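Survey of secondary and tertiary structure
Here's the letter readout for the chains.
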Amino acid sequence: MVSPILELTDINKSFGHVQANKNINLKINKGTIHGIIGENGAGKSTLMSIVFGLYQANSGSIKINGKEINLRSPRDSIINGIGMVHQHFMLVENFTVLENIILGFEGEAVFGEKLQKAKEDLEKLCQTYNFNIDLDATISDLSVGFRQRVEILKSLYRGAEVLILDEPTGVLTPQEVDELFKILRSLKDEGKTIVLITHKLIEIMDLTSEVSVMRQGEMVGHTKTEDTSKEQLAEMMVGRSVLLRVDKKEIKKGETIFKVNNLSVKDDLDVTRVKDVNLEICSGEILGIAGVTGNGQTELLEALSGIRKVESGSIELFGEKISDQNNFLNPRMLKEKGLAHVPEDRQRMGLISDFKAHENLIFGYHDQEPYSKSAILNNKEITEYSNKVMQEYDVRPNSPNLITSNFSGGNQQKIILSRELNENPKVLLVGQPTRGVDIGAIEFIHQRLIDMRDKGAAILLASVELDEILSLSDRIIVMFDGKIVGEKENKNVTDRELGLLMAGVA
Amino acid sequence: MSNIVVDKSKVPWWVSNVIVPLVNLTLALLVSGLFVFIAGENPIEAVKLIIYGSFGYIQGFAYTLYYTTNFIFTGLAFAVAFHCRLFNIGGEGQAYIGGLGVFLVAINLSFLPVPIVWLLAIFGAFLFGAAWAYIPAYLQSKRGSHVVITTIMFNFIASSLMIFLLVDVIRDTNQMAPHTVKLPEEIWLPSFEAFSGILGIKIRYSPLNLTFLLAIASLFFVWFLVWKTKWGYEMRAVGYNTQAAIYAGISPHKNIIIAMCISGGLAGLLGVNEILGVSHKIQAGFPAGYGFTGIAVALMGRNHPIGILPAAFLFGILYQGGSEVTFEMPNITRYMFVAVQGLIILFSGALENLFRPQIESFFVRRLNREVNA
């Protein structure tokens, strides 16, 4: 029997109302590569940050080598032999590799002989694991793959026995991934323990010997990698909870009113996130976009709603070109043409949390009558309207003068939804409509979307909740790595099928 | 470091908007009193002198209101830009250039009927101040150059430009000092003593003039603009959350420019008070630091016209009462009162959060207890 090097018992952690980790139990055996897999937001990173001492758990215990320890800061973890390589590197760009590695520990190693010794030790480490790093190179001259190696080297030099890697391949090219995996295998051969956090099934199957699956803050399964398959993991990851019941009439499909041709979109860092996407939506239809977060859905919605510039391709509304690489209509013009948008991140984009509720209820429509006449806001109309819709959408508390940040997530979402649906849009773009929203509000929001569909709106719904996609959509497309990797009529589609497409497996 | 976390929604408005500023102000005055004591004078006597100097006789009070006028303009200027989250430090330069606008309009159009000259001169002041703020605004919105840096630079540029103009271009060539000729007397704004003369009361000269009413009108203008029009709405939206503004189709570029131009224009109105109302000519360095003090006025007034009025009045009292003190108490110099202003800025601006969490949590606990009882 191998004794676990790291053992977590009943770990709980919440941020405000959100419980990020619920009663997590986890055993990690010495000398293994242990994968932790789950969708974005499943609580993987939170859990590992607790192990690394960045966060403190609300309850639960952590044992290292059978000894219970109290981790108050990363320093405690480092002393106990735990190292972590973060998604975003923690390196000083204009220092050399050597300077970065001894940073924080320079007390004993900054001058003369000791520095020389540190350098020799590091060179030995580099040789053992075939790191191929020039210790005197400046970080800013190194590629991302090499920077990651510096992070690994830093942890090893500080005596890490357990090395946690948080989504290590997210920023790497395929060649760099191969190199990284070689290094990780040789680390394992030398007896180190590696914890790999990822949402990519291929990496798990490739590299790990054991795997734990997390979903919505809970640990839903542990297994040996050889006893499982991608399909099985995908199923566990996505979950198979009961479908929410939505009463949906038979589809009455009208003509195509929204069309996207060969669309490519770049993000702020100039990385192409949407690649050659084609899609059409008819009136009276809900088109669902399934996909793991970060596969281009955000950028797609932003481009369609006139917030983000199109790199190539075009977008047509009622047969009229509204966007191509040369020009695009801004969101307000699109609103006038009957396109509304419920953005996926309500705090960042959908509303202004410092505004009063009534100010957010007219946000984007504030210069239209009757809310304003010749640039002067009509307070009476706005208040009347606010009272009316807040009642209609059951926003609680029903006080239009309350600052928006004081409403709960679900009620904030209702504020946005009432605003965007009020003008009876012809095309409705919806991102993550029920993220962080309680059950009651979810049903309400779903029903509203169905009502809009029955009234003949063309709806594009992007969601990471498969249940939501399956229960609302008439047709489903799956996005992976910016591309549409599958399209299905929503008849007899299983979540397993979609899960595989979402993970880029099928 | 304080670890007190207060649920902001439970804090009554009067605690954060009245009690906290008052506590900060009191502290600033206590420390100032200490300075006066160290300088070898009696702080209580000094306070008496301040109150007498600024309220005790009608001419003193008129001076207080004259200073208040200037602070209202520069305080509002800072506040408007701040609602778009722009730190306009350039009120000083904008006021200077605004003065040029008043003068050029008034001297060139003095043949027109008097009230029309006034209106045009006010417009000129606003336009010139706005134009001076437009350049930093453009650089901020298009090139990302931070307005704090550019507006400070533009203060220096304005100062040098005006010295150049006053020495080489628009100087009154009958003398050597860097100032222009006087405007024709018939277009001067009526002064306070002219008004009281109509009412049959004779008082001695004071610089208070009709511009005071313009300042009061500006308070209403800013309140209306920021909270009652779609422009103010959009400016605040951009200031609070630029991403969301873009989502709603509100252009950050346009609103940064609008906010800065209105801000600069308001600062420019200081020129109306100084040139059309008081000295009737441009003198080198006439904004005399009002632009900077306006920042403190706005911070103390919480960027709201209702707060800016008393804050401007307070600084008016300090200016006027302060000069009285320096006159009566030889140990207290003019610079001592600059230090007092500095203390007020320090306590109400930089140390704003020194006592806020404690005070707010104290009241929240008190009020909760009352509710529970």
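Every value quoted in this text rests on a predicted model; they were computed, and no experiment measured them.

**Brief notes about the overall build of chain A**
Check the secondary structure of chain A and you find 17 helices and 22 strands. Its C-alpha atoms give chain A a radius of gyration of 26 Å, within 12% of the compact-globule value 23 Å for 506 residues. Overall, the C-alpha framework of chain A stretches about 80 × 50 × 45 Å when taken along its three principal axes. The buried share of chain A, reckoned over its 506 residues, is 54%. Contacts in chain A between residues far apart in sequence, at least 24 positions, make up 67% of those at least 6 positions apart. When the accessible surface of chain A is totalled, it reaches about 22,300 Å², and 46% of it is carbon and sulfur. The averaged location of the 74 negative side-chain charges in chain A is 2 Å from the averaged location of its 60 positive side-chain charges.

**Overview of a nonpolar patch on the surface**
Together, Ile 376 of chain A together with Phe 220, Trp 223 and Phe 224 of chain B make up an exposed nonpolar region whose accessible area comes to about 390 Å². Tracing the backbone through its elements, the reader meets Trp 223 of chain B in helix 8 (residues 211-228). Classification of Trp 223 of chain B as partly exposed rests on a relative accessible area of 34%.

**Brief notes about the nonpolar core**
Counting 155 residues, the largest nonpolar core has Phe 363 of chain A together with Leu 276 and Ile 282 of chain B as its most contacted members. Once residues within four sequence positions are removed from consideration, Phe 363 of chain A is found in contact with Met 349, Gly 350, Ile 352 and Arg 419 of chain A together with Tyr 233, Ala 237, Ala 244, Ala 245, Tyr 247, Ala 248 and Ile 250 of chain B. Grouped together as the second largest cluster of nonpolar side chains are 32 residues, Ile 139, Val 150, Phe 181 and Ile 183 of chain A included.

**So, the pattern of salt bridges**
Residue and element names in this part refer to chain A. Enumeration over the complete set of coordinates arrives at 34 salt bridges over all chains. Lys 154 is the salt-bridge partner of Glu 151, the closest N and O atoms lying 3.5 Å from each other. Within this pair, Glu 151 and its partner Lys 154 are both found in helix 5 (residues 144-157), separated by three residues, close to a single helical turn. Lys 154 matches Glu 151 in its accessibility class, with the two residues each being buried. Connected through shared salt-bridge partners, Asp 268, Glu 302, Arg 308, Asp 345 and Arg 348 make up one network.

**Quick look at the domain arrangement of chain A**
Residue and element names in this part refer to chain A. Partitioning chain A into domains gives domain 1 (4-238) and domain 2 (256-348 + 425-502). Computed from C-alpha coordinates alone, the two centres of domain 1 and domain 2 are separated by 35 Å. Counting from both sides, the interface comprises nine residues of domain 1 and, opposite them, nine residues of domain 2. Note on domain 1 versus domain 2: buried area summed over both sides is about 740 Å², and carbon and sulfur give 64% of it. For the pair domain 1 and domain 2, the number of links is zero salt bridges. Where domain 1 packs against domain 2, one counts zero residue pairs in polar contact (both at pLDDT 80 or more).

**Considering the packing of helix 13 (residues 290-300) of chain B against helix 14 (residues 305-328) of chain B**
Residues and elements named next belong to chain B. Relative to each other, helix 13 and helix 14 sit at 130°, their axes nearing to 8 Å. When the axes of helix 13 and helix 14 are compared, the pair comes out oblique. Here helix 13 runs over helix 14; the crossing is right-handed. Of the residues in helix 14, those touching helix 13 at Tyr 290, Thr 293, Ala 296, Val 297, Ala 298 and Met 300 are Ile 308, Ala 311, Ala 312, Leu 314, Phe 315 and Tyr 319. Residues of the contact of helix 13 with helix 14, tallied by class, amount to eleven nonpolar, one polar and no charged.

**What to know about the packing of aromatic side chains**
Residues and elements named next belong to chain B. A complete count under the given rule lists 25 aromatic pairs over all chains for this structure. Considering the side-chain rings of Phe 55 and Phe 313, the 5.8 Å spacing of their centres and the 70° angle between planes classify their relative orientation as edge-to-face. Note that Phe 55 is positioned in helix 2 (residues 43-56) and Phe 313 in helix 14, a separation of 258 residues in sequence. When the ring of Phe 362 is compared with that of Phe 363, the centres are 5.3 Å apart and the planes differ by 85°; the resulting orientation is edge-to-face. Taken together, the aromatic side chains of Tyr 63, Tyr 66, Tyr 67, Phe 71, Tyr 290, Phe 315 and Tyr 319 make up a single cluster linked through ring pairs.

**Let's talk about the pairing of strand 7 (residues 162-166) of chain A**
Residues and elements named next belong to chain A. Among the five residues that make up strand 7, five are buried, leaving the element largely enclosed by the rest of the structure. By the alternation rule, side chains of strand 7 split into Val 162, Ile 164 and Asp 166 and Leu 163 and Leu 165, which are all buried. Bridge analysis of strand 6 (residues 82-85) against strand 7 gives four bridges, and the strand direction is parallel. The residue bridging Gly 83 from the neighbouring strand is Leu 163, located in strand 7. Bridge count for strand 7 against strand 8 (residues 193-198) is five bridges, and the pairing is parallel. The residue of strand 8 that forms the bridge with Leu 163 is Ile 194.

**Looking at the interface of chain B and chain A**
The partner chain A presents 27 residues to the 21 residues of chain B that form the contact. On the chain B side of the contact with chain A, Lys 230, Tyr 233 and Tyr 247 of chain B bury the most area, a combined 37% of that side's loss. The interface formed by chain B and chain A holds two salt bridges in total. Residue Arg 236 of chain B pairs with Glu 359 of chain A through a salt bridge whose shortest N-O separation is 2.8 Å. Where chain B meets chain A, there are 14 residue pairs in polar contact (both at pLDDT 80 or more). Those elements giving two or more residues to the side of chain B that touches chain A turn out to be helix 8, helix 9 (230-240) and helix 10 (242-247) of chain B. Sort the elements by how many residues they give to the side of chain B that touches chain A and helix 9 of chain B lands first, with seven residues.

**Side note on helix 1 (residues 13-38) of chain B**
Residue pairs three or four apart in sequence face the same way in an α-helix, which turns once every 3.6 residues. Residue and element names in this part refer to chain B. Across its 26 residues, helix 1 extends 38 Å between first and last C-alpha, which sits within 8% of the 38 Å expected from 1.5 Å per residue. Ile 19 marks the point of greatest bend in helix 1, at about 25°, and the proline Pro 21 comes within the next four residues. Along helix 1, the positions that sit buried rather than exposed are Val 15, Ser 16, Val 20, Pro 21, Asn 24, Leu 25, Ala 28, Ser 32, Gly 33 and Val 36. One or two residues past the end of helix 1 sits Gly 40, with phi positive at roughly 95°.

The rules behind the values
Residues numbered from 1 in each chain as written. Chains lettered and ligands numbered in written order. Predicted model: local features only at pLDDT ≥ 70, side-chain atom pairs only at ≥ 80, totals over all residues. Heavy atoms only, no water. Helix = DSSP H or I, 4+ residues; strand = E, 2+ residues; numbered from the N terminus. Rg over C-alpha atoms; globule rule 2.2 N^0.38 Å. Buried < 20%, exposed > 50% of the residue type's maximum accessible area, 1.4 Å probe, protein only. Contact = heavy atoms within 4.5 Å. Areas by Shrake-Rupley, 256 points an atom, 1.4 Å probe, with all protein chains shown as cover. Lys, Arg positive; Asp, Glu negative; His and termini not counted. Charge placed at Lys NZ, Arg CZ, Asp CG, Glu CD. Patch = residues over 30% accessible without salt bridge, like charges linked within 9 Å, V, L, I, M, F, W, Y side chains within 5 Å. Salt bridge = Lys/Arg side-chain N within 4 Å of Asp/Glu carboxyl O. Core = buried A, V, L, I, M, F, W, Y, C linked by side-chain atoms within 4.5 Å. Domains from an automatic or database assignment. Buried area = accessible area lost by both parts, 1.4 Å probe. Polar contact = N/O pair within 3.5 Å; in protein donor to acceptor, adjacent residues only side chain to side chain. Axes fitted to C-alpha atoms, helices over the stretch in contact; angles between N-to-C directions. Parallel < 35°, antiparallel > 145°, perpendicular 65-115°, else oblique. Left-handed = near helix turned anticlockwise from the far one by under 90°. Nonpolar A, V, L, I, M, F, W, Y, C, P; charged D, E, K, R; others polar. Phe/Tyr/Trp six-rings, centres within 6.5 Å; stacked < 30°, edge-to-face > 60°. Pairing = 2+ DSSP bridges. Expected span 1.5 Å × (residues − 1). Bend = angle between axes of the 7 residues up to and from the residue.

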